[in-house]
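Analysis of the macromolecular model
The primary structure of each chain is shown beneath.
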Amino acid sequence: MKLPLTPGVYIMKNSKGKIIYIGKAKKLKNRVSQYFGSQNGHALKVRKMVENVDDFDYILCESEFEALVLEASLIKQNMPKYNILLKDDKGYSYIKVTNDPYRKISAVLQKDDSGSQFIGPYTSSYSVKQSVDEANKIFRLPQCNKVFPRDMKKGRPCLNFHIDRCMGVCTGKIPQSEYDEAINEALKFLDGDVNSVIKSLEEKMQTAAENLQFEAAAKYRDKINAIKNMQSKQKVVTETTESKDVFAAASNGDDICVVVLRFNGGRLCDSEHFFLDGEANGKMRTDFLMQYYNMRNSVPKKVILDEACDDIELVEKYLTELRGNKCTVFVPSRGEGFKLVNMCRENAFEKLAQKKGRAGRDVRALEELKELLGLVSTPEYIESYDISHTAGADNVAGMIVFKNGKPLKRAYRTFSIKSFTGQDDYGSMREVLTRRFNEYLLHKDDGEEEGFGKLPDLILLDGGLGQVNAVKEAIAPFNLDIPVFGMVKDNKHRTRAIAHNGGEIAINDNRSVFTLVSEIQEEVHRFSIGYHRKKHTKNGLTLSLTQINGIGEQKAKALFKEFKTIRAIKSASVEELQKVKGINRDLAEKIYLYYNGTNDEEYGNF
């Protein structure tokens, strides 16, 4: 099928004719062709989608903006499998305004068929109920089950009237115009336009006072004071009072969490979060915004993003049309908006971490490490290596594993350097990594979730470029694509940077990454030096055993394997010593007498 180089919407279908994806393009031919060329550059989700495409159709549009609007409308109608699909409004909370002559405001969990007006949806039922209760108290609206005007003058007013929490419509003394005015002010208040409500009430109070209507002026004054008292109890989180929604996404490679914080009148009035799959890129943000506001009945004055969405000018134009006046969409680089985005992003990482059963700071650190190092995927499984020796003696290496940002101690391994003696840190590192990946070849089909049968997402070495190059040489024959970086220390042995490809990547300015890498470097150093000290001590003790005539290194090791310590060997009887492989009666007696004392020249000073 020949496609034109014009704006439009393309519709992909499976073999059953079901729509599985809807997209828009500035040039249809170019965009659709990208799906059916090389698949190497596509994400797994896109590759799976293309495999299921049996047919497709397209709709030409006059402009890219028209295509954007049509795409959003068609996605909402068809809910295709491979588009970003947000939750519908099931389970959300609403503000209900009845359609009676004397309207009432209440918080409900579902819409009904009563013909009432429903404002929402909102994700926080607590926030909705709290806001409705505040509005009813401030504007003294009835909260009873009476229906007006039917139940006017039937029975005595309730307690709320006597404690001045209800204007007393049931008395029949409240004109409908006064009641409607109170309802309209309450709805403005619930919409977050608090300053406008206060200004209107102040004007009415002033007018009433000028007309000597002091009782009416006092009522307006009491409403103003009630609103201000309520505001003083709220935590004001923004300096400006204009309405704004803040969006931020967090990703761990498998899932995306998008958090929305909604602000009105200088306070946080609602928050939502959504779990998606795919990539947290500009297209995802555009698709998300279009669907999100198609599910809402209000658009704020400002939409603040953590990163730019695709076609940001078109999205801004669309939201402006939905709002009825200017809506600004932007990515802040400083100031209040930047702080709000960071707060929103922290919430996204925390929600993502809760889903994975992890800490939010760990998820964020790994994601930021991925971005800083330019990795393809989030390094959830990290191996780190360090060499330890004493002037070239007792060469050892330690391998530690961090899984999901935390030490996985059961996967730690130690290595004794075998291929040479003396000091050669690069040679030691080559030997260790060669042995490690030889073990991988032996165990790769075991299906292990940890250990030598699992490949790491990232290797971090305690050292600079020399260590990195040595390890890359060791890995090269295995044809494994594993990122390798070095951890560089300053002259005070504190983590300073990450070494790679002839340069260094500073990490001091990134607190999450700096903390994680520092923890890894300190842990691998502690583990490797601990093993070195243990071996060095054991070798020293083994050396003392080899002073005994007839005891060589192998027999000394056999003794330590059996008794663990010199004290245990000293305390052992001849019969117990004789049970060790290679130790006969004669050697057992020599060992016993060596540690338990004799001056007999037959045995000498050992």
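Attention here is on the structure that accompanies the text. Please read all numbers here as calculations on a predicted model, not as lab measurements.

Structural notes on the overall build of the protein
Helix and strand counts for the protein come out as 19 helices and 19 strands. Partitioning the intrachain contacts of the protein with sequence separation of at least 6 by distance along the chain shows that 59% fall at a separation of at least 24. Here the protein has roughly 31600 Å² of accessible surface; of this, 47% comes from carbon and sulfur atoms.

Some details on empty space enclosed by the protein
Under the defined criterion, the tally for this structure stands at 3 cavities of 30 Å³ or more. Roughly 70 Å³ of internal volume is contained in the largest cavity. Around the largest cavity sit Phe 247, Ala 248, Ala 249, Val 258, Met 284, Arg 285, Phe 288, Leu 289, Leu 305 and Asp 306, which together line it. Counting only elements with at least two residues in the lining of the largest cavity, the list comes to β7 (244-251) and α9 (282-294).

Description of the sheet that holds strand β6 (residues 117-122)
With antiparallel pairing, the 3 strands of this open sheet are ordered in space as β5-β4-β6. Looking at strand neighbours, the two that pair on one side only are β5 (105-108) and β6, the edges of this open sheet. Ignoring strand direction, the axes of neighbouring strands in this sheet form an average angle of 20 degrees. With 4 bridges connecting them, strand β4 (residues 93-97) and β5 associate as antiparallel partners. Among the inter-strand pairings, Ile 95 is bridged to a residue of β5, identified as Ala 107. Packing against the sheet, helix α6 (residues 176-190) makes contact with β4, β5 and β6, and its axis sits at approximately 35 degrees to β5.

Examining the sheet that holds strand β3 (residues 55-60)
Taken together, the 3 strands give an open sheet; going across it, the order is β2-β1-β3, and neighbouring strands pair in antiparallel fashion. Because the sheet does not close on itself, it has two edges, and the strands there are β2 (19-25) and β3. The sheet shows a mean angle of 20 degrees between the axes of neighbouring strands, taken without regard to direction. As paired strands, strand β1 (residues 8-13) and β2 are joined by 6 bridges and run antiparallel to one another. Residue pairing for β2: Tyr 10 is matched across the bridge by Gly 23.

Overview of helix α1 (residues 28-35)
If you check which residues of α1 are buried, you get Leu 28, Val 32 and Tyr 35. Looking down the long axis of α1, one finds its buried residues gathered within 40 degrees of arc, a one-sided arrangement.

Here we look at the packing of aromatic side chains
What the rule picks out here adds up to 14 aromatic pairs. Centre to centre, the rings of Tyr 94 and Phe 118 are 6.3 Å apart; their planes meet at 85 degrees, and the pair counts as edge-to-face. Residue Tyr 94 is found in strand β4, and its partner Phe 118 is found in strand β6; the two are separated by 24 residues along the sequence. The class of Phe 118 is buried, set by a relative accessible area of 16%. Where Tyr 292 meets Tyr 293, the ring centres are 5.1 Å apart and the plane angle is 90 degrees; that geometry is what we call edge-to-face.

Observations regarding a positive patch on the surface
On the surface, a cluster of positive charge is made up of Lys 534, Lys 561, Lys 564 and Lys 581. Given a relative accessible area of 76%, Lys 581 falls into the exposed group.

Section: the side chain of Arg 285
Within the fold, Arg 285 resides in helix α9. Non-local contacts of Arg 285, meaning those with residues more than four positions away in its chain, are made with Ala 249, Ala 280, Asp 306, Glu 307, Ala 308 and Cys 309.

As for the pattern of salt bridges
This model, assessed by the stated rule, comprises 26 salt bridges. Between Arg 262 and Asp 245 there is a salt bridge, and its shortest N-O distance comes to 3.3 Å. Here Asp 245 lies in strand β7 and Arg 262 lies in strand β8 (residues 256-264), a separation of 17 residues in the sequence. One salt bridge connects Arg 435 with Glu 431, and the closest N-O pair in it is separated by 2.8 Å. In this pair, Arg 435 and Glu 431 are both assigned in helix α13 (residues 425-443), 4 residues apart and thus about one turn of the helix distant. When its relative accessible area of 24% is taken as the criterion, Arg 435 is described as partly exposed. Under the relative-accessibility criterion, Glu 431 is labelled buried at 11%. One network of salt bridges, in which partners are shared, links Lys 24, Glu 64 and Asp 311.

Quick look at unusual backbone geometry
Residue Pro 149 is bonded to the preceding Phe 148 through a cis peptide linkage, with omega at 10 degrees. The backbone phi angle of Asp 311 is positive, close to 55 degrees, even though this residue is not glycine. With respect to the secondary-structure elements, Asp 311 resides in the loop between β10 (302-305) and α10 (312-323). A relative accessible area of 24% means that Asp 311 is categorised as partly exposed.

What to know about the pairing of β1
Taken residue by residue, a regular strand's side chains alternate between the two faces of the sheet. The buried count for β1 comes to 5 of 6 residues, which makes it a mostly enclosed element. As defined by bridge partners, β1 adjoins β3 across 6 bridges and the pair is classed as antiparallel. Among the inter-strand pairings, Met 12 is bridged to a residue of β3, identified as Phe 56. The turn linking β1 back onto β2 is made up of 5 residues, and Gly 17 within it adopts a positive phi angle of 80 degrees.

Here's the deal with the packing of α13 against helix α14 (residues 465-475)
It is at 8 Å that the axes of α13 and α14 come closest, and there the two elements cross at 35 degrees. Crossing hand, α13 versus α14: right-handed. Across from Asp 425, Tyr 426, Met 429, Arg 430, Leu 433, Thr 434 and Phe 437 in α13, the residues of α14 making contact are Gly 466, Gln 467, Ala 470, Val 471, Glu 473, Ala 474 and Ile 475. For the contact of α13 with α14, the class distribution of residues is 8 nonpolar, 3 polar and 3 charged.

Observations regarding α10
A rise of 1.5 Å per residue sets the reference length of α10, with its 12 residues, at 16 Å; its end C-alpha atoms lie 16 Å apart and thus fit the reference within 8%. Buried residues of α10: Ile 312, Leu 314, Val 315, Glu 316, Tyr 318 and Leu 319, and no others. For α10, the elements touching its buried residues are α3 (64-78), α9, β10 and β11 (328-330). Gly 324, located one to two residues past α10, shows a positive phi value of around 95 degrees.

Scoring rules and cut-offs
- Residues numbered from 1 in each chain as written.
- Predicted model: local features only at pLDDT ≥ 70, side-chain atom pairs only at ≥ 80, totals over all residues.
- Heavy atoms only, no water.
- Helix = DSSP H or I, 4+ residues; strand = E, 2+ residues; numbered from the N terminus.
- Contact = heavy atoms within 4.5 Å.
- Areas by Shrake-Rupley, 256 points an atom, 1.4 Å probe, with all protein chains shown as cover.
- 1 Å grid on protein atoms, 1.4 Å probe; cavity = no way out; pocket = protein on both sides within 12 Å on 5 of 7 lines; lining within 4 Å.
- Points joined across faces, edges and corners; volume = space filled by probe spheres on them.
- Pairing = 2+ DSSP bridges.
- Axes fitted to C-alpha atoms, helices over the stretch in contact; angles between N-to-C directions.
- Buried < 20%, exposed > 50% of the residue type's maximum accessible area, 1.4 Å probe, protein only.
- Arc of directions from axis to C-beta.
- Phe/Tyr/Trp six-rings, centres within 6.5 Å; stacked < 30°, edge-to-face > 60°.
- Patch = residues over 30% accessible without salt bridge, like charges linked within 9 Å, V, L, I, M, F, W, Y side chains within 5 Å.
- Salt bridge = Lys/Arg side-chain N within 4 Å of Asp/Glu carboxyl O.
- Lys, Arg positive; Asp, Glu negative; His and termini not counted.
- Charge placed at Lys NZ, Arg CZ, Asp CG, Glu CD.
- Left-handed = near helix turned anticlockwise from the far one by under 90°.
- Nonpolar A, V, L, I, M, F, W, Y, C, P; charged D, E, K, R; others polar.
- Expected span 1.5 Å × (residues − 1).

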